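Notes for the structure review
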Amino acid sequence: MTSLVGLTLRPATEADLPACENVWRSGLNDYLIPLGQVEIPAENPTLRQLHAHVLATDPARFWVGTRTDESSGDEEVVAFAAATLRNTAWFLSMLFVLPREQRSGVGRALLEAVLPPPGQARTLAVTTDAAQPASNGLYAAHGMTPRLPMFNLVGRPIRQDPLPSLPPGIVAVPFDASTPAERDRPFEGELATLDLEVLGFAHPEDHSYLRQAGRIGLAYRSPSSELVGYGYTSEVGRIGPVAALEPALLAPIVAHLLDAVLPRGASALWVPGSAAPTLEMLVRSGLRIEGFPALLCWTEPATDFSRYLPTSPGLI
């Protein structure tokens, strides 16, 4: 436990998560609303699930900053930072500070608290908002420089331009049905092999989280039954992550996911700028770019974003 100008830094607990959600919402609304953006709503079940997931998998990398009211003795969470470590890839999921505390140094101190020890990680990475130059500078000082824009695509295809079909012989199989019966070829091992090739690290705990959170996984197999890609969709319209063994497969897989499960409303997914054919396909089909671009930042490359769409800015 560390103190900083009247603030206390400590590992987070499950009881802190509602307060972390409030810090996240307050921090975003503080700069988005003056820029004419829509206010972040109070209810965000997806964020709660993500926070709980990161706390469960990486408790040593989820810290909060608190301030205690001298009169009442009540402790208030005023900032938090959460990160994941997958193999040797460290990713800062979130770092947010209440607006009134943003010049106290607590953000910088929390980042130092969740950074990996020297030699534990090969890559440090984070996704930031392009409208936040101060944060971008903080991360760049640690070698995580902005390298790639990422765009939030929202809407449904209007079909003026037909979406690409899966290549001949490529079939989509639900995750549950795609698990081979043979003990020497488990589906989880196939997923890990593909992730190592495309992402540079395996993350079975995140695959488990996505399924528990209601996303529906589809495996894409070649005529020889090789796993050449996967993707997640959902009834609420969220798509991602999506991985493809070859860059040319990414757009057809995304096109298939758009209609694999018809959502109750709009579809939404995050597309890196290096996945240009997929981005062009979605814009031409009628989806719109919403909000400011995010910036993918890293110390050295681990993931090939021409073959991969992340889950969200908070989870690669």
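Further up the page is the structure itself.
The paragraphs below set out a description of the structure included in this document.

Thoughts on the overall build of the chain
Counting its secondary structure elements, the chain contains nine helices and 14 strands. Taken along its principal axes, the extent of the C-alpha atoms in the chain is 70 × 45 × 30 Å. With 316 residues in all, the chain has 51% of them scored as buried. Once local pairs closer than 6 in sequence are excluded, the contacts in the chain between residues at least 24 apart make up 72%. Put simply, the chain shows about 14300 Å² of open surface, and 55% of that area lies on carbon and sulfur atoms. Between the mean site of the 23 positive side-chain charges and the mean site of the 33 negative ones, the chain shows a separation of 3 Å.

Considering the packing of aromatic side chains
Inspection of every chain in the model, using the stated rule, returns seven aromatic pairs. Geometrically, the ring pair formed by Phe175 and Tyr232 is edge-to-face, given 5.2 Å between the ring centres and 75° between the ring planes. With a gap of 57 residues between them, Phe175 in helix α5 (residues 175–178) and Tyr232 in strand β10 (residues 227–233) connect regions that are remote in the sequence. Each member of the pair, Phe175 together with Tyr232, is buried. Of the aromatic side chains, those joined through ring pairs into one cluster are Phe175, Phe187, Tyr230 and Tyr232.

Focus on the nonpolar core
Grouped together as the largest cluster of nonpolar side chains are 72 residues, with contacts concentrated most on Phe62, Phe80, Trp90, Leu92 and Tyr230. Counting residues in each nonpolar core, the second largest holds 27 residues, with Phe151, Leu218, Ile239 and Leu250 among its members.

What to know about the environment of Val254
Structurally, the position occupied by Val254 is in helix α8 (residues 247–260). Leaving out residues up to four positions away in the same chain, Val254 has contacts with Val242, Leu269, Thr278, Met281, Leu282 and Leu309.

So, the sheet that holds strand β9 (residues 216–221)
What the five strands build is an open sheet, ordered β8-β9-β10-β11-β14; its pairing is antiparallel. With partners counted over all chains shown, the strands left at the sheet margins are β8 (171–174) and β14 (308–309), one partner each. Pairing of β10 with strand β11 (residues 242–244), which is carried by three bridges, proceeds in the antiparallel orientation. Residue pairing in the sheet places Gly231 in a bridge with Val242 of β11. Where helix α6 (residues 187–198) meets the sheet, it contacts β9, β10, β11 and β14, and its direction lies at approximately 95° from that of β10.

Some points on the pairing of strand β5 (residues 89–97)
Here β5 lies mainly inside the structure; nine of its nine residues are buried. Strand direction decides the pairing type here: strand β4 (residues 75–86) and β5, joined by eight bridges, are antiparallel. The residue bridging Ala83 from the neighbouring strand is Leu92, located in β5. Count of turn residues in the β4/β5 antiparallel hairpin: two residues, of which Asn87 carries a positive phi of about 55°. Looking at chain direction, β5 and strand β6 (residues 123–129) are connected through four bridges and run parallel. Counted as the bridge partner of Phe91 is Ala125 from β6. A crossover connection joins β5 to the parallel β6 through helix α3 (residues 106–114); in handedness this β-α-β unit is right-handed.

Regarding empty space enclosed by the protein
Taken as a whole and assessed by the stated rule, the structure comprises one cavity of 30 Å³ or more. In this structure, the largest cavity occupies an estimated 200 Å³ of space. Along the walls of the largest cavity sit 22 residues, with Phe91, Ala125, Phe201, Thr303 and Ile316 positioned nearest its centre. Mapped by element, the contributors of at least two residues to the lining of the largest cavity are β4, β5, β6 and β13 (288–298). Across the lining of the largest cavity, the residue classes tally to 14 nonpolar, five polar and three charged.

Some remarks on the pattern of salt bridges
Inspection of the entire model under this criterion finds 18 salt bridges. The partner of Glu290 in a salt bridge is Arg288, with the nearest N and O atoms 3.1 Å apart. Residue Glu290 is classed as partly exposed on the basis of its relative accessible area, which comes to 36%. For Arg307, the salt bridge identified is with Asp304, shortest N-O distance 2.8 Å. In this structure Asp304 comes out as partly exposed when scored by relative accessible area, which is 27%. Salt bridges sharing common partners tie together Asp58, Arg61, Arg86, Glu205 and Asp206.

What counts, and where the lines are drawn
- Residues numbered from 1 in each chain as written.
- Predicted model: local features only at pLDDT ≥ 70, side-chain atom pairs only at ≥ 80, totals over all residues.
- Heavy atoms only, no water.
- Helix = DSSP H or I, 4+ residues; strand = E, 2+ residues; numbered from the N terminus.
- Buried < 20%, exposed > 50% of the residue type's maximum accessible area, 1.4 Å probe, protein only.
- Contact = heavy atoms within 4.5 Å.
- Areas by Shrake-Rupley, 256 points an atom, 1.4 Å probe, with all protein chains shown as cover.
- Lys, Arg positive; Asp, Glu negative; His and termini not counted.
- Charge placed at Lys NZ, Arg CZ, Asp CG, Glu CD.
- Phe/Tyr/Trp six-rings, centres within 6.5 Å; stacked < 30°, edge-to-face > 60°.
- Core = buried A, V, L, I, M, F, W, Y, C linked by side-chain atoms within 4.5 Å.
- Pairing = 2+ DSSP bridges.
- Axes fitted to C-alpha atoms, helices over the stretch in contact; angles between N-to-C directions.
- Right-handed = clockwise from strand over helix to strand, strands pointing away.
- 1 Å grid on protein atoms, 1.4 Å probe; cavity = no way out; pocket = protein on both sides within 12 Å on 5 of 7 lines; lining within 4 Å.
- Points joined across faces, edges and corners; volume = space filled by probe spheres on them.
- Nonpolar A, V, L, I, M, F, W, Y, C, P; charged D, E, K, R; others polar.
- Salt bridge = Lys/Arg side-chain N within 4 Å of Asp/Glu carboxyl O.

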